[in-house]
Amino acid sequence: TVSALWPSCEREDLPSRGRVNGVEQRRYWEKECILRNSRLTVIVENSFEEGYMSEKILQAFSQGAVPVYSGATDVKALLPHPDAAILLQDFATVHEAMAYAVQVRESEGLWLKHTAWKDLPFSPGFTSLLQTPYSVCTVCEHFSADATP
């Protein structure tokens, strides 16, 4: 449970089933808190189609967790920097990828390598993604401003 592993992330003051703009308040807040308090997060996309990237990886970036990512094979072009995520496709086996992820979790230097993108210019693909009228970010902003259910 959240309270057992991340006690600071449990929010009793938010309704467990209450929704704001279609999002469960407590679940969303707890997810962001867990990401903020984790060095890594595993992300498996719903689709492996080229050019597809869901909000999952953007949520990890926004909260400071390094994504261990399985999804579209061309995702590297959409990342803010090539080192911003650990891509399963870059390893011969899932076991090798997980062994590397453990090293990143335990090594300050490796973790900083994967989070240095925050202080660097964004890649052209990521910049383009953020400027797309229907990017995940702009779609979320549009719907969050809409108060209708």
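Located above this text is the structure these notes cover.
Every value quoted in this text rests on a predicted model; they were computed, and no experiment measured them. Throughout, a residue's number is its position along its own chain's written sequence, starting from 1. Where local features are concerned, this predicted model is filtered to residues with pLDDT of at least 70; where side-chain atom pairs are given and counted, the filter is 80 or more; whole-chain, interface and lining totals use all residues. The basis for every side-chain value is the complete set of non-hydrogen atoms in the structure, without hydrogens or water.

Colleague: In this structure, what is going on with a nonpolar patch on the surface? I would like to understand it.
Modeller: Together, Val42, Val44, Phe48, Val94 and Met98 give the surface a local cluster of nonpolar side chains, amounting to about 460 Å² of exposed area. Only runs of H or I of at least four residues qualify as helices and only runs of E of at least two qualify as strands under DSSP, and these elements are numbered from the N terminus. Only strand 3 (40-44) and helix 4 (94-106) provide two or more residues apiece to the nonpolar patch. Note on exposure labels: buried denotes an accessible area under 20% of the residue type's maximum, exposed denotes more than 50%, and partly exposed covers the range between, all computed with a 1.4 Å probe on protein chains only. With relative accessibility at 31%, the residue methionine 98 sits in the partly exposed group. The patches reported here contain residues having more than 30% relative accessible area and no salt bridge. Joining distances are 9 Å for like charges and 5 Å for nonpolar side chains (Val, Leu, Ile, Met, Phe, Trp, Tyr). Each accessible area value is a Shrake-Rupley result obtained with a 1.4 Å probe; residue values ignore everything except the protein chains displayed when judging cover. Take a side-chain nitrogen of Lys or Arg and a carboxyl oxygen of Asp or Glu: if they are within 4 Å of each other, that pair is a salt bridge.

Colleague: So what exactly am I meant to see when it comes to helix 6 (residues 124-131) here?
Modeller: Each α-helix turn comprises 3.6 residues. Residues three or four places apart therefore point the same way. Taken residue by residue, helix 6 has Gly125, Phe126 and Leu129 as its buried positions. Down the axis of helix 6, the buried set is contained in an arc of 95 degrees. They therefore lie on one face. Residues Pro124 and Gln131 are exposed on helix 6 and point more than 90 degrees away from its buried face. Elements that come into contact with the buried residues of helix 6 comprise helix 3 (55-63). What the arc measures is the spread of directions leading from the helix axis to the C-beta atoms. In what follows, residue pairs with any heavy atoms lying within 4.5 Å of each other are defined as contacts.

Colleague: Just checking my understanding: could you explain the sheet that holds strand 3 for this structure?
Modeller: Two modes of strand pairing occur in sheets, parallel and antiparallel, and in both the strands are linked by backbone hydrogen bonds. By this definition, two strands are paired if DSSP reports at least two bridges between them. Sheet architecture is open: three strands sit in the order 3-4-5, paired in parallel fashion. Here the strands that pair on one side only, and so sit at the sheet edges, are strand 3 and strand 5 (86-87). Sheet topology places strand 3 next to strand 4 (residues 66-70); five bridges connect them, and they run parallel. Considered in strand 4, the bridge of isoleucine 43 is made with tyrosine 69. Orientation is described by axes fitted as lines to C-alpha atoms, over the contacting stretch for helices, and by angles from 0 to 180 degrees between their N-to-C directions. Relative to strand 3, helix 3 is tilted by about 170 degrees, and along the sheet it contacts strand 3 and strand 4.

Colleague: What's the story with the packing of helix 4 against helix 5 (residues 108-115) in this structure? I'm lost.
Modeller: In helix packing, the relevant descriptors are the interaxial angle and the interaxial distance, both defined with respect to the helix axes. Relative orientation of the contacting elements helix 4 and helix 5 amounts to 100 degrees, with a least axis distance of 5 Å. The pairing of helix 4 with helix 5 is recorded here as roughly perpendicular in orientation. In this structure, helix 4 contributes Tyr100, Gln103, Val104 and Glu106 to the contact, and helix 5 contributes Glu108, Leu110, Trp111, Lys113 and His114. Partitioning the contact of helix 4 with helix 5 into residue classes produces four nonpolar, two polar and three charged. Working definition: roughly parallel below 35 degrees, roughly antiparallel above 145 degrees, roughly perpendicular at 65 to 115 degrees, and oblique for all remaining angles. Only Asp, Glu, Lys and Arg are considered charged, only Ala, Val, Leu, Ile, Met, Phe, Trp, Tyr, Cys and Pro nonpolar, and every remaining residue, Gly among them, polar.

Colleague: It is not clear to me how the pairing of strand 3 should be interpreted in this structure. Could you clarify?
Modeller: Each regular strand displays side chains that alternate between the two surfaces of the sheet. Every second residue of strand 3 is oriented toward a common face, the buried set being Thr41 and Ile43 and the non-buried set Leu40, Val42 and Val44. By convention, orient the strands away from the viewer: a clockwise path from the first strand over the helix to the second makes the crossover right-handed. For the segment spanning strand 3, helix 3 and strand 4, crossover handedness is right-handed.

Colleague: Mind showing me how you'd approach the packing of aromatic side chains here?
Modeller: The geometry of an aromatic ring pair is captured by the separation of the ring centres together with the interplanar angle, meaning the angle of the planes. Each pair of aromatic rings taken from Phe, Tyr and Trp, with Trp reduced to its six-membered ring, is defined by centres within 6.5 Å and is described as stacked if the planes are under 30 degrees apart, edge-to-face if over 60, and tilted in the remaining cases. All chains considered together, the criterion is met by five aromatic pairs. Ring geometry for phenylalanine 61 and phenylalanine 126: centres 6.5 Å apart, planes at 85 degrees, overall edge-to-face. Here the residue phenylalanine 61 occupies a position in helix 3, and phenylalanine 126 occupies one in helix 6, the gap between them amounting to 65 residues. Judged by relative accessible area, which is 7%, phenylalanine 61 ranks as buried. Here phenylalanine 122 and phenylalanine 126 contribute two aromatic rings whose centre-to-centre distance is 4.9 Å and whose plane-to-plane angle is 80 degrees, an arrangement assigned as edge-to-face. Accessibility expressed as a relative area gives 6% for phenylalanine 126, which makes it buried. Ring pairing ties together the aromatic residues Phe61, Trp117, Phe122 and Phe126, which thus form one cluster.

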